[in-house]
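Tertiary structure, described
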Amino acid sequence: MSELFDDDPRDPAPAPSRRSRALIISAVVLIVAFFGLTTFAAIYTDRLWFRSSGYGNVFNTLFWTRTGLFIAFGAFMGLVVAVNVVLAYRYRPLFRPTSPEQGGLDRYRDAVTPIRTWIVVGVALLLGLFAGTSGAGEWRNYLLWRNSQEFGSEDAYFNRDIGFYVFDLPFLHYLVDFMMATIVIALLAAAVTHYLYGGVRLQARRDRLSGAAQVQLSVLLGLFVLVKAGDYYLDRFDLVNQSGRLITGITYTDDHAVLPAKSILMGIALICAVLFFLNVWRRTWTLPSVGLALLALSAVLLGMIWPGIVQQFQVKPSEADKEAEYIAANIEATRAAYDLTDVESEPYTSNSSADPELASALSSQTASVPLVDPQLVRATFQQNQQGRAYYSVAPVLDVDRYEMNGVERALVLGVRELDQDEINDADKNWSNLHTVYTHGNGVIAAYANQRGTDDNSPGTDIQWAEGNQEDRDGSRQDDLTQATGGYESRIYFGEDSPDYSVVGKASEDAGSVELSLSSGTEDEDQTTTYDGAGGVDIGSTFNQLMYAVKFGEPNFLLSGRVHENSQVLYNRTPRERVEKVAPWLTVDEDAYPAIVDGKVVWILDGYTTTDRYPSAERESFEEMTTDSLQDDDGLATLPTDEINYMRNAVKATVDAYDGTVTLYEWDEQDPLLKAWMGAFPDTVEDKSEISDELLKHLRYPEDLFKVQRYQYARYHITDANDWYQGNDRWEVPQDPNTKGDLLQPPYRLFVDEAPAEGEGATKETWSLTSTFVPYRKENLASFVSVNSDATSPDYGKITVRELTDQNTQGPGLIANEFSNDEKVREALLPYTSGDSPPKFGNLLTLPVDQGLIYVEPVYAVRSSTSGYPILRFVLVSYGGEVGIGGTMTDALKDVLDVDEIAGQEPNPSPGPDSPPDPSLSVDQRIRNLLDQAQAAFDRANEALAANDLGTYQEQNERASELVQQAIDLAEQRDAAAEEASPKEEQAAE
């Protein structure tokens, strides 16, 4: 029955109505308008942002370079294809012999011919769009080519300046590849046109090509093979960057088989091109076909089979001898590319012994050892100094140095940033998220060596250098403020800032609406208004419309909080801002805060990298930098993350209040930086513009050091035969406190360095340090440090102390020694039974006069109610002995078996948060815990009498916790006794 309702197939299809056509046209117009508006809004707002940030010239350079490349490559591709199609049509045969093939093509010709112009234009525009997009993406290679520099040194094989490989070769390769692609597409387009209009007759027995078709196709094929010859020529230079099984660069097989093969293939390609060009007159395809077949056969025989034969029968039987010359070139290039040529290596003997007479010297040399682990104390920082639930600090805090009371001190610090995720869900509306909760406030800092302001008496808990609370004695936690003279504390630009905020008052008399943290222990927050220069003006309706489109938010047009004096802040993370104004830089992931000239500034390291340095070993940046603290790598400027050259070219700062980005030239000899400075003039300031106060906080970057230590682990060997044998290969040890194969991160320490001859006593140097172990072994091979003090003339000097004793224990063995020590296990017993076992901090290795000392802090959660870790113990290994104590001084006393250390003030009386003395018996510890609990109850009663309910609750919780610890310790003692009784009875029987 359904057939009755079907349309009659004899009836013509109804033509679309005017209304349908109007709807289709309207839909197309709306779609085009939508994409056009969003594209325009993105470009327009980008221009506003760059101008407000003071880098309008960067936007102009990027925009016009990309636009010029888009037009140039797009027009070239579209024009070449269109011209070839037009020529093929114009010189089509006027008469076509009748044949089934031509009869089948008639209907296609009839359909295409009336709209041929539109088809040609459409195809040209479409191909031009793809080609232009590809060309615009080559702006980096183009700008480097236009602003190329000389390195001043040549490669070992072609005797060309290294700048040719870094600056010129990549863009030349792109031009050749683009030409080949253009010719292939033009060839296909011309062939299809000739076939459609009878110039190519596939089914004919003779004269399959018309004269015009033969001429055009011969010219295009000749041009293609000619460009391929140029490609073979450039491929010869690529051999110096070719990754192989053994090394990156030319090997014996490349030199004696692949390189000659490329030259021969280039010659054959030139001959083939001549044959194709001669085919314009000879009108025979025999010779060009033979030449093309010869080229293909030669590519297989010379390019694949012959190198395999040379490798298998010449190189493999005596590879060490054959490759020695090429390995030596790889070693030299790698050390130069990673700036390892000036590394100072010296023998080091670790003949330490736990001699009590060394107590005073060891105490002095370890006084600055950082015990506060930046990774473990985040919860402690937030619990004690958070201020409000919606403030937070970075997951891994930063370490910096400041002069406190005339002495340089290492501080662990973080910025108190706004975390909008912690705002009450009921308060999360557009107005609150983007106009009220806009910024963080202040810096939190603690002394890294667990010693207070005087740097003498060791504390028993974190010693605050900057906070928002008061110490128990009523003093303000503002040592850092006093040392720096105060600073602007509002943090509008940071690592955890909101996506965007709308700031500014409607008038001078209007009230402020942005919340800001109050000082001290005041309950009510203050309000403030941003008045910096880092925002984009959105006072006009047009700008508000553009940002409404950009963020997809109509409140830019509708909200009363957006007015004629409003600014919008976005692109707010320090790394994001630097990458935006300097897209040619690889920016270090770790931005660290510093107080400079009364402002909090974020300091970042910018790297210039390439994967084109000839003969230097190419490795994955991620693999070289990943360790137990690394979240993400910063590489963003290469198609892959592989590099074989790296320099810390730029030091960048971002003002945490107004977002001002400043780039300073750091490596004044880096050719890559010079090229980029030529491409983007007036964006990088001279090194001399760095202020003295800022210079004190600049440091050697971690990512660069991690890359260098990774390469030096193998390339400390400079003899080619020894390198090939790999018998002295090193590696970075794994972090003993993490699961998996994560490497131990480098640590910042004050390291004692022997002075140069005639310069006086040993001096402490602010350094970035690490260790090496022999490949796949656990004993220590060497200790490496780099001078990280930017004010020192020896900044960047890498020193390697190679252990002469092959039995010196490495970090993994020391960690096992700590965990198996009876004193350590007994001291940690009260903390191992709960839900939060002790956490071992940074295992630090430190050279001292008589050898190496190992230090590791141990943290434990105070109770199930507090939830944040406290520094409980310090573990020390020295001279084959293990010591443990609540402070560094106590641990040294234990490892050296002394009661006091000359020159040290006696430790303060144990406070309520003091760790238990591991030298006491279990019963004595239980008694001490109960005494501390009673003291806490007494303080709670005093607070209740003073109507201080907060302190009353805190002390009651503390007392309950201490009682529970005593009960747990007693139960563990009784369980151990019950377990031992049957064994004693059995032994007695």
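Residues numbered from 1 in each chain as written. Predicted model: local features only at pLDDT ≥ 70, side-chain atom pairs only at ≥ 80, totals over all residues. Heavy atoms only, no water.

**As for the overall build of the chain**
If you tally the helices and strands in the chain, you get 27 helices and 31 strands. Expressed as a percentage of its 989 residues, the buried residues of the chain come to 50%. Summarising the internal contacts of the chain: among those between residues at least 6 apart in sequence, 68% fall at separations of at least 24. By element, 52% of the accessible surface of the chain is carried by carbon and sulfur atoms, the whole surface being about 46400 Å². (Helix = DSSP H or I, 4+ residues; strand = E, 2+ residues; numbered from the N terminus. Buried < 20%, exposed > 50% of the residue type's maximum accessible area, 1.4 Å probe, protein only. Contact = heavy atoms within 4.5 Å. Areas by Shrake-Rupley, 256 points an atom, 1.4 Å probe, with all protein chains shown as cover.)

**Here we look at the nonpolar core**
Where a protein is soluble and globular, its nonpolar side chains tend to be buried together. Val578, Trp584, Leu663, Trp676 and Phe680 are the most contacted members of the largest nonpolar core, which totals 118 residues. Look past the residues within four positions of Leu663 in its chain and what remains in contact with it is Tyr55, Val578, Val581, Ala582, Val650, Lys651, Ala652, Thr683, Val684 and Glu685. Within the second largest apolar cluster, 41 residues are counted, among which are Leu397, Ala448, Trp464 and Val895. (Core = buried A, V, L, I, M, F, W, Y, C linked by side-chain atoms within 4.5 Å.)

**Structural notes on the side chain of Ser782**
Position of Ser782 among the secondary structure elements: in strand S25 (residues 782–787). What Ser782 contacts, discounting residues up to four positions off in sequence, is Trp730, Thr771, Phe772, Val800, Arg801, Glu802 and Leu803.

**So, the sheet that holds strand S7 (residues 443–447)**
Spatially, S3-S4-S7-S8 is the arrangement adopted by the four strands of the open sheet, whose pairing is antiparallel. Lying at the two open borders of the sheet, with one neighbouring strand each, are strand S3 (398–404) and strand S8 (464–466). Going across the sheet, the axis of each strand differs from the next one's by a mean of 40°, ignoring polarity. Two strands pair when backbone bridges link them, and S7 and S8 are joined in this way by two bridges, in the antiparallel orientation. When the bridges of S8 are listed, Ala445 appears paired with Glu466. (Pairing = 2+ DSSP bridges. Axes fitted to C-alpha atoms, helices over the stretch in contact; angles between N-to-C directions.)

**Structural notes on the pairing of S3**
Within S3, six of the seven residues are buried, which leaves the element mostly enclosed by the surrounding structure. The pairing of S3 with strand S4 (residues 407–415) spans seven bridges and is antiparallel. Paired with Asp400 across the two strands is Leu411, which belongs to S4.

**Describing a negative patch on the surface**
A surface patch of like charges, here negative, comprises Asp421, Glu422, Glu495 and Asp496. Residue position: Glu495 is located in the loop between strand S9 (490–491) and strand S10 (500–503). (Patch = residues over 30% accessible without salt bridge, like charges linked within 9 Å, V, L, I, M, F, W, Y side chains within 5 Å. Salt bridge = Lys/Arg side-chain N within 4 Å of Asp/Glu carboxyl O. Lys, Arg positive; Asp, Glu negative; His and termini not counted. Charge placed at Lys NZ, Arg CZ, Asp CG, Glu CD.)

**Quick word on the pattern of salt bridges**
One pass over the structure, following the stated rule, counts 19 salt bridges. One salt bridge connects Glu702 with Arg748, and the closest N-O pair in it is separated by 3.8 Å. Here Arg748 lies in strand S23 (residues 747–753) and Glu702 lies in helix H21 (residues 702–715), a separation of 46 residues in the sequence. Judged by its relative accessible area of 23%, Glu702 is partly exposed. Here Asp894 and Lys823 are joined by a salt bridge, their closest N and O atoms 2.9 Å apart.

**Details of the confidence of the model for the chain**
Put simply, the chain has an average pLDDT of 85, and 86% of its residues get 70 or more. Low confidence marks residues 1–13, where pLDDT is under 50. Its contacts with residues over four positions away, or in another chain, come to zero contacts. (pLDDT = per-residue confidence, 0-100.)

**Thoughts on the environment of Phe680**
Considering the arrangement of structural elements, one finds Phe680 in the loop between helix H19 (671–679) and helix H20 (692–695). Judged by its relative accessible area of 1%, Phe680 is buried. Phe680 sits 620 residues away from Asn60 along the chain, and the two C-alpha atoms are 9.8 Å apart. Once you skip the residues sitting within four places of it in the chain, Phe680 turns out to touch Val58, Thr61, Leu62, Trp139, Leu143 and Trp584.

**Some points on the environment of Ile43**
Relative to the helices and strands, Ile43 is located in helix H1 (residues 18–52). The exposure class of Ile43 is partly exposed, given its relative accessible area of 38%. C-alpha separation for the pair Ile43 and Lys550, spaced 507 residues apart in sequence, amounts to 9.8 Å. Residues within four places of Ile43 in sequence aside, it is in contact with Phe59 and Phe63.

**A word on the sheet that holds S10**
The three strands lie next to each other as S10-S14-S13, forming an open sheet whose pairing is antiparallel. Here the strands that pair on one side only, and so sit at the sheet edges, are S10 and strand S13 (536–537). Judged from the four bridges that link them, S10 and strand S14 (residues 567–570) form a sheet pairing that is antiparallel. Paired with Tyr500 across the strands is Tyr570, a residue of S14. Each of S10, S13 and S14 touches helix H15 (residues 541–551); the most contacted strand, S14, lies at about 30° to it.

**Description of the packing of helix H2 (residues 56–90) against helix H4 (residues 116–136)**
Contact pair H2 / H4: the axes reach a minimum separation of 7 Å and the direction vectors enclose 145°. As for how H2 packs across H4, the hand of that crossing is right-handed. In this structure, H2 uses Arg66, Leu69, Phe70, Phe73, Gly74, Met77, Gly78, Val81, Ala82, Val85, Val86 and Tyr89 to contact H4, whose residues at the interface are Arg116, Val120, Ala124, Leu127, Gly128, Leu129, Ala131, Gly132, Thr133, Gly135 and Ala136. Across the contact of H2 with H4, the residue classes break down as 15 nonpolar, six polar and two charged. (Left-handed = near helix turned anticlockwise from the far one by under 90°. Nonpolar A, V, L, I, M, F, W, Y, C, P; charged D, E, K, R; others polar.)

**So, the packing of aromatic side chains**
Taken as a whole, this structure holds 50 aromatic pairs when the rule is applied. Feature note: the residues Trp430, Tyr500, Tyr547, Phe551, Phe556 and Tyr570 constitute an aromatic cluster, connected by ring pairs. Between Arg92 and the ring centre of Tyr89, over which it is positioned, the NZ or CZ distance is 4.0 Å. The ring of Phe551 carries Lys550 above its face, with NZ or CZ at 5.7 Å from the centroid. (Phe/Tyr/Trp six-rings, centres within 6.5 Å; stacked < 30°, edge-to-face > 60°. Lys NZ or Arg CZ within 6 Å of the ring centre and 35° of its normal.)

**Section: H21**
Helix length check: H21, at 14 residues, gives a terminal C-alpha distance of 19 Å against a target of 20 Å (1.5 Å per residue), a fit within 8%. Counting buried residues along H21, eleven of its 14 residues qualify, which places the element largely inside the surrounding structure. Within the span of H21, buried status applies to Asp703, Leu704, Phe705, Lys706, Val707, Gln708, Arg709, Gln711, Tyr712, Ala713 and Tyr715. (Expected span 1.5 Å × (residues − 1).)

**Some remarks on a nonpolar patch on the surface**
A cluster of nonpolar residues, Leu297, Val300, Leu301, Met304, Ile305, Trp306, Ile309 and Phe313, forms a patch on the protein surface that exposes about 800 Å² of accessible area. With respect to the helices and strands, Leu297 occurs in helix H9 (residues 286–315). You can call Leu297 partly exposed: its relative accessible area is 48%.

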